[in-house]
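# Tertiary structure, described
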Amino acid sequence: MARKTQESRRLQQRAEAVIPGGVNSPVRAFRAVGGDPPFIVRGEGPRIWDADGNEYIDYVGSWGPLVLGHAAPAVVEAVVAAARKGTSFGASTPAEADLAEVVLSAFPAMEKVRFVSSGTEATMSAIRLARAYTGRKYIVKFEGCYHGHADALLVKAGSGVATLGIPGSAGVPEEFAQFTLALPYNNADAVDQAFKKFPGQIACVIVEPVVGNMGCVPPASGFLDALRYITSRDSALLIFDEVMTGFRLAFGGAQEVYGTAPDLTTLGKIIGGGLPVGAYAGPAEIMDLVAPLGPMYQAGTLSGNPLAMAAGLATLTYLRDNREVYGRMERTAATLVTMVASAAKDAGVPLTCNRVGSMFTWFFTAHPVTDWESAARCDVDAFGRFYRAMLDGGVYLPPSQFEAAFLGTEHAEEDVRQTVYAARQAFAGIKAARAGTATS
Ligand code: HOZ
């Protein structure tokens, strides 16, 4: 049954008059899936409610941060307590080292961490630091990986850039991106070739160790180790962008799961517990190049903000002290993804399911998705139809084929059951449309 959308539509129209596209981040405009974006007014646990009173099971979780669900009591209490003492000082507070100690306890290869306010700031600072440390200009990134919206990182990027089908961004002079080498993900030979072509000139390789920004794409066996080997051989740095995977796949992120240690790690999302926090971390020898100790400059008025630190600390201490939640999320996500896959099979809808822990994507293709080229071959129209039907069935997924979905500690059996039921209806609609018997 179609949802009520009148109030969300009114709010969208109002926003469009004053905000470009009515949104403060492009994918939220639903251009890739069509229909009216619901305006969210409340969240609790795994569920959210929109301005028309529709209820949804949420698999976006604010694009990853809300691993403990919406309005998690421990997080809300910590933020309220911090706010009562003042919201920002632009001076150091004890909470910054509290959070730094917990973050570093998760990543044995990291000795110091600098907090910023977003994942974009984290990755652009880490790149600057890699260039400062190595004295080199070139960087390697991978097609379909997204590392925020800094000029040099938008080349062949994933996330909204992929969703909107634009090759990069207007407003980036080609000179600003001339040192960015974009290579196919999961292709170690291409990386090897690049290092042979530019010996001693590549500062770093930055990679999402499990990609979330072209949909969920895991690393092929040996890929991360190959990156480690090639970068070390040429004295370049390896940066794991764990903005999505940090504290999600395991407490120690993808580097714990895959056993490969990068030189620098970038973080965001979960470390802020739903408030704006990013971070970059590494060995003291490299991190001490950051001002005021060293010549690499980076600063921020709201960096280390006390509310954000409190939300992050409450989230991370919960995860640290309740590690069994990772096993639980793994089991719930496995059940969900497998059951939806079998519903697709029953309906004859080709679907490829990629999942690592609580990150997953249902790709509308019969073929394996291992890189951007294979992701881009998906049937995005079928995804759009599936998406709208799921929304009508009370399930809120990322509104793009090229974004990972996230499950949290609060998703339970009942949520899985309802989601699978909605998926069965959605696949039936796709099947009917293919047979030419549906109009929507
Ligand atoms: N680029 C974000 C996900 N990969 C989307 C952020 C948002 O729209 O909130």
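Reference entry: report on the structure contained in this document. What you see as residue numbers is a count from 1 along each chain, following the sequence as written. It should be noted that, the model being predicted, local features are given only for residues of pLDDT at least 70 and side-chain atom pairs only at 80 or more, the latter also being counted only at that level, while totals for whole chains, interfaces and linings use all residues. Water and hydrogen atoms were dropped before computing side-chain values, which therefore reflect all heavy atoms in the structure.

## Comments concerning the overall build of the protein chain
Here a helix means four or more residues in a row that DSSP labels H or I, a strand means two or more in a row labelled E, and each is numbered from the N terminus. Scanning the protein chain from terminus to terminus reveals 14 helices and 14 strands. Oriented by its inertia axes, the alpha-carbon framework of the protein chain measures out at about 65 × 55 × 45 Å. Counting over 440 residues, the protein chain shows a buried share of 56%. Taking the contacts inside the protein chain whose residues are at least 6 apart along the sequence as the reference set, 73% of them involve residues at least 24 apart. Relative accessibility decides the category of a residue: with a 1.4 Å probe and only protein chains considered, values under 20% of the type maximum give buried, values over 50% give exposed, and everything between is partly exposed. Residue contacts are counted whenever heavy atoms from the two residues lie within 4.5 Å of one another.

## Examining empty space enclosed by the protein
Buriedness of a pocket was judged along seven lines, with at least five required to meet protein on both sides within 12 Å; pockets are open sets of points on a 1 Å grid over the protein atoms alone, cavities are sets where a 1.4 Å probe fits but cannot get out, and lining residues have an atom within 4 Å of a point. Grid points are joined across faces, edges and corners, and a volume is the space filled by probe spheres set on the points. According to the stated counting rule, one finds 2 cavities of 30 Å³ or more in the structure shown. Reported here for the largest cavity is a volume of approximately 80 Å³. Forming the boundary of the largest cavity are Phe360, Thr361, Trp362, Phe383, Phe386, Leu397, Pro398, Ser400, Gln401, Glu403 and Ala405. Secondary-structure elements contributing two or more residues to the lining of the largest cavity are strand S12 (359-363) and helix H13 (380-392).

## Considerations on the pattern of salt bridges
The term salt bridge refers to a pairing of a side-chain nitrogen on Lys or Arg with a carboxyl oxygen on Asp or Glu at a separation within 4 Å. What the rule picks out here adds up to 19 salt bridges. Asp321 serves as the salt-bridge partner of Arg320, at 3.0 Å between the closest nitrogen and oxygen. Ionic pairing is found between Arg355 and Glu330, a salt bridge with its closest N-O pair at 2.9 Å. Placement of Arg355 in strand S11 (residues 352-356) and of Glu330 in helix H11 (residues 324-347) is noted, with a sequence separation of 25 residues between them. Classification of Arg355 by relative accessible area gives partly exposed; the value is 25%. Glu330 sits in the partly exposed class, given a relative accessible area of 35%.

## Concerning the site of the ligand
Near the ligand, the surroundings consist of Ser25, Arg28, Trp63, Tyr146, Ser159, Asn213, Met244 and Glu403. Whenever two N or O atoms come within 3.5 Å, that pair is a polar contact, provided that in protein one can donate a hydrogen and the other can accept it, and provided that, for residues adjacent in sequence, both atoms are side-chain atoms. Measuring from an oxygen atom of the ligand, one finds a side-chain N or O atom of Ser25 at 2.9 Å. A distance of 2.7 Å separates an oxygen atom of the ligand from a polar side-chain atom of Arg28. Protein burial of the ligand: of its 290 Å² of free accessible surface, 86% is covered by the chains. A molecule or strand has a residue near it when one of that residue's heavy atoms lies within 4 Å. Per-residue accessibility takes into account occlusion by the displayed protein chains alone, with areas from the Shrake-Rupley method and a 1.4 Å probe.

## Here's the deal with the sheet that holds strand S13 (residues 395-396)
DSSP bridges decide pairing: two strands pair if at least two such bridges lie between them. Strand order in the open sheet formed by 4 strands is S1-S2-S3-S13, with mixed pairing between adjacent strands. At either end of the open sheet lies a strand with only one pairing partner, and these are strand S1 (40-44) and S13. Alignment of strand S3 (residues 55-58) against S13, held across 2 bridges, turns out to be parallel. Bridging from a neighbouring strand, Ile57 pairs with Val395 of S13.

## What about the side chain of Thr315?
Along the chain, Thr315 falls in helix H10 (residues 306-321). In this structure, Thr315 is in contact with Val67, Leu68, Val75, Ile270 and Gly273, ignoring residues within four places of it in sequence.

## A look at the packing of helix H3 (residues 94-106) against H10
The packing of two helices is summarised by the inter-axis angle and the distance between the axes. In the contact formed by H3 and H10, the axes pass within 9 Å of each other and the chain directions differ by 30°. Classified by the angle their axes make, H3 and H10 are roughly parallel. The handedness of the crossing between H3 and H10 is left-handed. Of the residues in H10, those in contact with Ala95, Glu96, Asp98, Leu99, Val102 and Val103 of H3 are Met309, Gly312, Leu313, Leu316, Thr317 and Arg320. Residue composition of the contact of H3 with H10, grouped by class: 7 nonpolar, 2 polar and 3 charged. Lines fitted to C-alpha atoms define the axes here, with helix axes fitted over just the stretch in contact, and angles between the N-to-C directions of these axes take values from 0 to 180 degrees. Working definition: roughly parallel below 35 degrees, roughly antiparallel above 145 degrees, roughly perpendicular at 65 to 115 degrees, and oblique for all remaining angles. A crossing counts as left-handed when the near helix is turned anticlockwise from the far one by less than a right angle, and as right-handed when that turn is clockwise. Each residue is assigned to one class: nonpolar for Ala, Val, Leu, Ile, Met, Phe, Trp, Tyr, Cys and Pro, charged for Asp, Glu, Lys and Arg, and polar for all the others, Gly among them.

## Regarding the side chain of Thr180
Mapping Thr180 onto the fold places it in strand S6 (residues 180-183). Within polar-contact distance, the side chain of Thr180 engages the backbone oxygen of Ala152 at 2.8 Å. Apart from residues no more than four positions distant in its own chain, Thr180 is found in contact with Ile139, Lys141, Ala152 and Val155.

## Structural notes on unusual backbone geometry
Residue Ala291 is joined to Pro292 through a cis peptide bond whose omega torsion reads 15°. Along the chain, Pro292 falls in the loop between helix H9 (284-287) and H10. One non-glycine residue, Ser62, lies in the positive phi region at around 60°. Summarising the element assignment, Ser62 is placed in the loop between S3 and helix H2 (73-84). By relative accessible area, Ser62 is classed as partly exposed at 38%. If you check the backbone angles, Phe247 has positive phi at about 65° while not being a glycine. Tracing the sequence through the fold places Phe247 in the loop between strand S8 (237-241) and helix H8 (253-258).

## Regarding the pairing of S1
Across 4 bridges, S1 lies against strand S2 (residues 47-50) in antiparallel orientation. Each residue of the ladder has a partner; that of Arg42, found in S2, is Trp49. Where S1 hands over to S2, the hairpin turn is made up of 2 residues, of which Gly45 adopts a positive phi near 60°.

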